[in-house]
Amino acid sequence: MREIAHLPSDMAIISSKQPAADAQQPPKEKKKRTPKQSAIPIQLASVDSEILQAEIATTEEKIQEESLRPSSIREYIGQKDLKGVLDIAIQAAKVRQESLDHLLLYGPPGLGKTTMALILASEMGVNCKITAAPALERTRDIYGILMRLEPGDILFIDEIHRLPRVTEEILYPAMEDFRLDITQGQNATAKIRSIALPRFTLVGATTKIGSLTAPLRDRFGLVQKLRFYEVDELTLIVQRTAEILKTAVTPEGAVEIARRSRGTPRIANRLLKRVRDYAQVKGYAHIDGSIASAAMEIYNVDPLGLDWVDRLLLTTMAEQFNGGPVGLDALAASTGEDRHTIEEVYEPYLLQIGYLQRTPRGRVVTAAARKHLGLKGGDDRTEQLSLLE
């Protein structure tokens, strides 16, 4: 049997169905399509729809989260120093009728960096375009977003320390000179065409400010750190969220949730929703301190906000490694947790509350952690290790 699987369909028909006379006719020439250049040029008259897909898709969970966000800087609870600096910047920009200077926000996750960017847009009366650095893999992604900005708009880039190098270099002239440089053609025929951009404000958010390159970091006019929240601030946040969710919470119940929230509003809102589920299933009309405490016991969150992974890490170091010092790789292998997860998710809070200390020789459990976990023995070895080094 003659194999025709790799032949064009018209040739296959000629060889098997058509008479010889037809076969001698010259085949019709097909119009060849000129392939599009994979590298830029970009048609400047109309931006392709694929370019516009760089923004993060909105999910139902994010829609619900949006309803919990404050809409003005006066409604924003906590971060008093940050609000003072930004309030001055907003008023000065309004007086001069200019856009805000570029702003870099850094700090642990869940402290309100995205919320602050949305508040800035609301206060200035402009739009806020939200995206994330991992979504800007291709140059045309950032081109599409920049070319759609209007005067005064705010562009918020989350996890900005993960920007690809090429994308970062495109932002340099955009941030400094409000200019977009587009390369057209390749090799010897390459040309650079500059497009003027409207004055905009770039707000970058990162949990690792040390991972940003110096040229990018220095282009931000304002660099501000977000700190962990106090219990009284988190209590107000829990009460505000409960009012929005139409959930009755007593002051004692709000305090009980706030003190277990690890200083983070995002965790406070999440715990409130879980306690609300518990109260509704059990048939309670409101959430008080005892109900919140009972619900937290089910979810394995103790009065200091430690979950079972936190307690596993501390217990493993105290019992298997005699309190430390222990290396991160050894700790990860013993607990089955990823080393990066331990270092980036769990360690910061344990260090903040003084239950864990880092030494040149490894991690060490403190006496306060042993007391909290009810573990005997193992004096605080941190001071002894410092004398030996």
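Residues numbered from 1 in each chain as written. Predicted model: local features only at pLDDT ≥ 70, side-chain atom pairs only at ≥ 80, totals over all residues. Heavy atoms only, no water.

A word on the layout of surface pockets
Part 1 of the reasoning: The calculated volume of the second largest pocket comes to roughly 970 Å³.
Part 2 of the reasoning: Lining the second largest pocket are 31 residues, and of these Pro 108, Pro 109, Glu 344, Val 345 and Pro 348 sit closest to its centre.
Part 3 of the reasoning: Counting only elements with at least two residues in the lining of the second largest pocket, the list comes to α11 (265-282) and α15 (339-352).
Part 4 of the reasoning: The element best represented in the lining of the second largest pocket is α15, accounting for seven residues.
Part 5 of the reasoning: Per-class residue counts for the lining of the second largest pocket are 14 nonpolar, six polar and 11 charged. (1 Å grid on protein atoms, 1.4 Å probe; cavity = no way out; pocket = protein on both sides within 12 Å on 5 of 7 lines; lining within 4 Å. Points joined across faces, edges and corners; volume = space filled by probe spheres on them. Helix = DSSP H or I, 4+ residues; strand = E, 2+ residues; numbered from the N terminus. Nonpolar A, V, L, I, M, F, W, Y, C, P; charged D, E, K, R; others polar.)

Some remarks on the packing of helix α13 (residues 308-319) against helix α14 (residues 328-335)
A pair of packed helices is captured by two measures, namely the crossing angle of their axes and the spacing between those axes.
Part 1 of the reasoning: Between α13 and α14, whose axes approach to 10 Å, the crossing angle comes to 110 degrees. Compared by their axis directions, α13 and α14 come out roughly perpendicular. Crossing of α13 over α14 shows right-handed handedness. Across the interface between the two elements, Leu 312, Leu 313, Thr 316 and Met 317 of α13 pack against Leu 331, Ser 334 and Thr 335 of α14.
Part 2 of the reasoning: Taken together, the residues of the contact of α13 with α14 sort by class into four nonpolar, three polar and no charged. (Axes fitted to C-alpha atoms, helices over the stretch in contact; angles between N-to-C directions. Parallel < 35°, antiparallel > 145°, perpendicular 65-115°, else oblique. Left-handed = near helix turned anticlockwise from the far one by under 90°. Contact = heavy atoms within 4.5 Å.)

Considerations on empty space enclosed by the protein
Part 1 of the reasoning: Scanning the entire structure with this criterion turns up one cavity of 30 Å³ or more.
Part 2 of the reasoning: For the largest cavity, the calculated volume is near 40 Å³.
Part 3 of the reasoning: Together, Leu 86, Ala 89, Leu 100, Asp 101, Leu 103, Leu 120, Thr 201 and Leu 222 line the largest cavity.
Part 4 of the reasoning: Of the residues that constitute the lining of the largest cavity, the class distribution is six nonpolar, one polar and one charged.

Section: the sheet that holds strand β7 (residues 222-225)
Backbone hydrogen bonds hold the strands of a sheet together, and the pairing may be parallel or antiparallel.
Part 1 of the reasoning: Within the open sheet, the five strands sit side by side as β2-β3-β6-β1-β7. Their pairing is parallel. Every interior strand has two partners, whereas the edge strands, β2 (128-132) and β7, have only one. Going across the sheet, the axis of each strand differs from the next one's by a mean of 15 degrees, ignoring polarity.
Part 2 of the reasoning: Bridge analysis of strand β1 (residues 103-106) against strand β6 (residues 201-206) gives four bridges, and the strand direction is parallel. Counted as the bridge partner of Leu 104 is Gly 204 from β6.
Part 3 of the reasoning: Against the sheet, helix α5 (residues 113-124) contacts β1, β2, β3 (154-158) and β6, and its axis sits at roughly 175 degrees relative to β3. (Pairing = 2+ DSSP bridges.)

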